Amino acid sequence: CIIFDIFSYIMKILSINIIRRCPSGNVNMNVAKSGYHVFCANSTPACTELAKKITERLGVELGKSVVYQESNRETRVEIKESVRGQTIFIIQTIPRDVNTAIMELLIMAYALKTSCAKNIIGVIPYFPYSKQCKMRKRGSIVCKLLASMLAKAGLTHIITMDLHQKEIQGFFTFPVDNLRASPFLLQYIQEEDHKEHLCLSSLSCRCLFRAQSYAERLRLGLAVMHGEAQCSESDMADGRHSPPCVRNTFGHPGLELPCKQQAPFPGIELPIMMAKEKPPITVVGDVGGRIAIIVDDIIDDVEDFVATAEILKERGAYKIYVMATHGLLSADAPRLIEESAIDEVVVTNTVPHEVQKLQCPKIKTVDVSMILAEAIRRIHNGESMAYLFRNITVDD
């Protein structure tokens, strides 16, 4: 027993000396004593800001990797450290070059998979192609295709925020955590000086439930925009009249068919549908002397927002804010916002938009890195995600 006690004492002293020789008592900050790594799949410096904020909150360092574009525009990814048996989180923000960002994510995930990573979890705050989640005419459901590609590349889990349609989660064969930015946006509204004069507004009936949910929790009024713009996506020609029409009719003599291939059986008369007429945009609700806040999940092309702001201004709105989770702000969006009646545009940092903020000082940013970092910590430690969805309604 005395020999065993002496041996244990010597081993304890040796272990203490080894720890003292290591800087700050930690051999590798990225592993963070828990066996997980955090990588960033972006090749542009502007897109790594969110990843740096998340890792700072987690107290870890970004994994060592190189992502770059070759001279022929091919994407190359190199992992510079061992990931065998580790849980990997890939943070990927989507810049304007969406397709390049997707390839960077796919190639990095596949590189980690072939390096024997245990779990590969994608942190994609804004999920690209989310608007193409329904079959439109002769198109395709691109969002479903992207979900299949991510699963094939090796991803086993995804953390995202405010999907354009919550049903997109059904496209995946692995778990999807769809976080909400509503707590941060609602906090921004509550910090407004003249809260008693606020009024929530929805751009269309699609956003009505989100605006209603915000209004009920803030105890504010609600105004609804009824009507649509005249040139919407549903009005585009879908090519169903090609090949060129043949005026030969088969069947009822009073029914003229546009094409030969669409002829009905003889003696059948098809009912003629009336064309859809869209009413002009009108406001349902009182916005006079109030601060109107237009709520949506994505703000990309701002023509509809600008037109809605003009109508709200005519109805007596004092100020007009636009609030959305993902601020894509493509094309001439900053210039149009600067020249419009919109007083402020509030978006989160799920998408990098520093250049747009320089072009338009009306754009404000809300940081959501806190909830993304907490989601990563809880998933790795096997804790429940219910805490992140407290007081979150289905309509958020």
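Residues numbered from 1 in each chain as written. Predicted model: local features only at pLDDT ≥ 70, side-chain atom pairs only at ≥ 80, totals over all residues. Heavy atoms only, no water.

1. Notes on the overall build of the chain
- Assigned secondary structure in the chain consists of 10 helices and 16 strands.
- A total of 396 residues make up the chain; the buried ones form 44% of that total.
- A separation of at least 24 residues holds for 66% of the contacts in the chain among residues at least 6 apart in sequence.
- For the chain, the accessible area works out to roughly 21600 Å², and carbon and sulfur atoms hold 56% of it. (Helix = DSSP H or I, 4+ residues; strand = E, 2+ residues; numbered from the N terminus. Buried < 20%, exposed > 50% of the residue type's maximum accessible area, 1.4 Å probe, protein only. Contact = heavy atoms within 4.5 Å. Areas by Shrake-Rupley, 256 points an atom, 1.4 Å probe, with all protein chains shown as cover.)

2. Examining the sheet that holds strand β4 (residues 87-91)
- In spatial order, the strands read β1-β4-β5-β6-β7; together these five strands make up an open sheet with parallel pairing. A strand with exactly one partner marks an edge of an open sheet, and here the two such strands are β1 (36-40) and β7 (176-179). Pairs of neighbouring strands in the sheet enclose a mean axial angle of 15 degrees, with direction left out of account.
- Pairing analysis gives four bridges linking strand β6 (residues 157-161) to β7, with the strands arranged parallel. If you follow T160 over to β7, its bridge partner there is N178.
- Packing against the sheet, helix α3 (residues 98-114) makes contact with β1, β4 and β5 (119-124), and its axis sits at approximately 170 degrees to β4.
- Lying over the sheet, helix α10 (residues 369-381) contacts β1, β4, β5, β6 and β7, oriented at roughly 160 degrees with respect to β6. (Pairing = 2+ DSSP bridges. Axes fitted to C-alpha atoms, helices over the stretch in contact; angles between N-to-C directions.)

3. Structural notes on the nonpolar core
- Core analysis: the biggest nonpolar cluster contains 43 residues, and I159, L179 and L372 have the highest contact counts within it.
- Broken down by element, the residue count for this core peaks at six residues, all from α10.
- Excluding anything up to four places from it in sequence, L179 contacts I159, T160, M161, D162, I371, L372, A375, M385, L388 and F389.
- Counting residues in each nonpolar core, the second largest holds 31 residues, with A41, L112, A117 and A153 among its members. (Core = buried A, V, L, I, M, F, W, Y, C linked by side-chain atoms within 4.5 Å.)

4. What about helix α4 (residues 142-153)?
- Between the first and last C-alpha of α4 there are 17 Å, a value that for 12 residues agrees with the 16 Å anticipated at 1.5 Å per step.
- For α4, the set of buried residues is V142, C143, L146, A147, L150 and A153. Taken end-on, α4 shows its buried residues confined to a sector of 145 degrees, consistent with a single buried face.
- Looking at the buried side of α4, the elements it contacts are α3, β5 and β6. (Expected span 1.5 Å × (residues − 1). Arc of directions from axis to C-beta.)

5. Points about the pairing of strand β16 (residues 363-366)
- Note that strand β15 (residues 344-348) and β16 share four bridges and pair parallel. By the bridge assignment for β16, T348 is matched with V366.
- In this view, the connection linking β15 to its parallel neighbour β16 by way of helix α9 (residues 354-359) has right-handed handedness. (Right-handed = clockwise from strand over helix to strand, strands pointing away.)

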